Amino acid sequence: MTFDPAQLLQADRGQPARLIHVVHPDQWSAWLTAQPPRIRATIAAHRLTGKPGNRAVLPGDAADDWAMLLVCNESLESPWRIASLGGQLPEGTYRLAQGEPGAAMLGWALAQHSFDRYRKDEAAVGPRVLLTSEPARIDPVVAIARAVAKVRDLVNTPAADLGPAELEADAAALAKSHGATLTVAKGEPLVKGYPMIHAVGQAAAKGREPRLIELEWGNPAHPRIAVIGKGVCFDSGGLDIKPSSGMRLMKKDMGGAAHALALAGLIMGARLPVRLHLLIPAVENSIAGNAFRPGDVLATRKGVTVENTNTDAEGRLVLADAITRAAEEAPTLILDFATLTGAARVALGPDLPATFANDDALAEALLHAGTETGDPLWRLPLWDGYDEMLASDIADMVNAPDGGFAGSVTAALFLRRFVPADTPWAHFDTFAWRPSAKPGRPKGGDALGLRAAWAMLQARYPG
């Protein structure tokens, strides 16, 4: 089934629909007592006790009618409250027996998204439609569902079918659909203007050459914001080659670019009153005779030099040139997304993007937005005491300090050196991947931090 969230959420105009009873464990006894004898008998037959996860098919009023029961301890504000049903119930139309689905509409829709580009789903079913008496909420949820699905689809696509050229094509399609301007630097202009992006991607095969993709949209009189996404379409590790276990998922190393493209689509689709500058350094970190080497000293767009101590710490290099380009236009805000460090995953696991910010108000706004949307973030420090770890004996700095301490912090500190001190900036070190499935969130590529960033932008730049 082609994923179209607009088909999955509809206004409730009294049309026929099966009921869904969602009961919190704390309300179980009161709910059960209020049910008619046939319902209580069914519950007893299923030996349900009101524990989270309990579910049953309940008899309806007519012989061919039925309703669904789910015991769930998720809050009313959770987008995942009924996601397990959205992905499992038969085709049909449903409404909640009590209350409105609210935020849970997102999980209901996303539960019906799957990445099926390379296989035929023999068990495919038609849409499960959820009704709501709050139709004004549908369009914003549909937009977010499409954005999350975009991230998932891009991250799940193997590198053979998603290289720098394909990221450029996606950005071009986005620009065309919203009347934006697209500019791409590659070849000699990239060599001269963005030397670190070129260095990282120079060993890639023909047709997979490195490039900087830029999109601009919006009224120039509005506040300028820069959204940057790391677009490493595959990361072998370079000459500091990864082991096979570490290389297995490196198709997802462009997850930052996927987040940036999806966020740009949300911004333009909602016509947020900003001047958007989207930047995606798109490369493949490959191995060949002309690959950049450990120990090479790299020039940068900013004019400082970087001693490359690890070719597998390439993401911060391409981001640094992109951040420098963004800063030249004096933005009021810079956001960057990157699958940057394994250290962030060791510290916080897969679900929590490590979030760094040079502005406390921006950090608090992001953390609040993450809590409100069920897209949590965790702030880590830009600890000045570790900045000395970036010292080099022969260049202005190194890209990856020896020792491995505080790897996600030192990566963020490296990026901070390319951000103007007076420009609010946030860096999302996101995993962009789910190692195991959860309701509404299948194993594979996923958007982590996207919804929080979007909610923050909506609050910061109201239409």
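### Some points on the overall build of the protein chain
Looking only at helices and strands, the protein chain has 15 helices and 20 strands in total. Taken over the C-alpha trace, the protein chain has a radius of gyration of 24 Å; the compact-globule value for 463 residues is 23 Å, and the two agree within 12%. In terms of its C-alpha atoms, the protein chain occupies a principal-axis envelope of roughly 80 × 45 × 45 Å. Within the span of the protein chain, comprising 463 residues, buried residues form 54% of the whole. Partitioning the intrachain contacts of the protein chain with sequence separation of at least 6 by distance along the chain shows that 77% fall at a separation of at least 24. In the form shown here, the protein chain has an accessible surface area of approximately 19200 Å², with 52% of it arising from carbon and sulfur atoms. Positive and negative side-chain charges of the protein chain, numbering 46 and 51 respectively, have mean locations separated by a distance of 6 Å.

### Some remarks on the packing of aromatic side chains
Inspection of the entire model under this criterion finds 6 aromatic pairs. For the pair F414 and F418, a centre-to-centre distance of 5.4 Å together with 50 degrees between the ring planes defines the contact as tilted. Taking relative accessible area as the criterion, F414 reaches 0% and is therefore assigned buried. Taken together through their ring pairs, the aromatic side chains of W66, Y94 and W108 make up a single cluster. Between K302 and the ring centre of F418, over which it is positioned, the NZ or CZ distance is 5.7 Å. Stacked on the ring of W80, the Lys or Arg R441 has its end atom at 4.2 Å from the ring centre.

### A closer look at the nonpolar core
Formed by 86 residues in total, the largest nonpolar core has its most connected members in L167, L263, I267 and L457. A per-element tally of this core places helix 5 (residues 138-156) first, with 11 residues. When near neighbours in sequence (up to four residues on either side) are disregarded, L457 contacts I225, L263, I267, L272, L333 and L335. Listed in part, the 43 residues of the second largest apolar core include L298, L319, A338 and A412.

### Side note on the sheet that holds strand 3 (residues 55-59)
Taken in spatial order, the 6 strands line up as 1-6-5-2-4-3 in an open sheet, and their pairing is mixed. One side of each edge strand has no neighbouring strand; the edge strands of this open sheet are strand 1 (9-11) and strand 3. Going across the sheet, the axis of each strand differs from the next one's by a mean of 30 degrees, ignoring polarity. Looking at chain direction, strand 3 and strand 4 (residues 66-71) are connected through 5 bridges and run antiparallel. Across the sheet, the residue bridging to R55 is L70, located in strand 4.

### With respect to the sheet that holds strand 12 (residues 297-299)
Spatial strand order, 12-13-17: 3 strands in an open sheet with mixed pairing. What marks the edges here is a single partner per strand, and that holds for strand 12 and strand 17 (397-398). With 3 bridges connecting them, strand 12 and strand 13 (residues 305-307) associate as antiparallel partners. The partner of V297 across the bridge, within strand 13, is E307.

### Some remarks on a nonpolar patch on the surface
A surface patch of nonpolar side chains, about 260 Å² in accessible area, is lined by L239, I241 and I287. With respect to the element layout, L239 can be found in the loop between strand 10 (231-235) and helix 9 (244-247). Among the residues examined, L239 registers a relative accessible area of 40% and is labelled partly exposed.

### Notes on the packing of helix 5 against helix 10 (residues 255-269)
Closest axis-to-axis distance for the helix 5/helix 10 pair is 9 Å, and the angle between their directions is 155 degrees. With respect to their mutual orientation, helix 5 and helix 10 come out roughly antiparallel. You can see that helix 5 and helix 10 cross each other, and the crossing is right-handed. Of the residues in helix 10, those in contact with A143, I144, A147, K150, V151, L154 and V155 of helix 5 are G255, A258, H259, L261, A262 and L266. Its residues assigned to classes, the contact of helix 5 with helix 10 comprises 10 nonpolar, 2 polar and 1 charged.

What counts, and at which threshold
Residues numbered from 1 in each chain as written. Predicted model: local features only at pLDDT ≥ 70, side-chain atom pairs only at ≥ 80, totals over all residues. Heavy atoms only, no water. Helix = DSSP H or I, 4+ residues; strand = E, 2+ residues; numbered from the N terminus. Rg over C-alpha atoms; globule rule 2.2 N^0.38 Å. Buried < 20%, exposed > 50% of the residue type's maximum accessible area, 1.4 Å probe, protein only. Contact = heavy atoms within 4.5 Å. Areas by Shrake-Rupley, 256 points an atom, 1.4 Å probe, with all protein chains shown as cover. Lys, Arg positive; Asp, Glu negative; His and termini not counted. Charge placed at Lys NZ, Arg CZ, Asp CG, Glu CD. Phe/Tyr/Trp six-rings, centres within 6.5 Å; stacked < 30°, edge-to-face > 60°. Lys NZ or Arg CZ within 6 Å of the ring centre and 35° of its normal. Core = buried A, V, L, I, M, F, W, Y, C linked by side-chain atoms within 4.5 Å. Pairing = 2+ DSSP bridges. Axes fitted to C-alpha atoms, helices over the stretch in contact; angles between N-to-C directions. Patch = residues over 30% accessible without salt bridge, like charges linked within 9 Å, V, L, I, M, F, W, Y side chains within 5 Å. Salt bridge = Lys/Arg side-chain N within 4 Å of Asp/Glu carboxyl O. Parallel < 35°, antiparallel > 145°, perpendicular 65-115°, else oblique. Left-handed = near helix turned anticlockwise from the far one by under 90°. Nonpolar A, V, L, I, M, F, W, Y, C, P; charged D, E, K, R; others polar.

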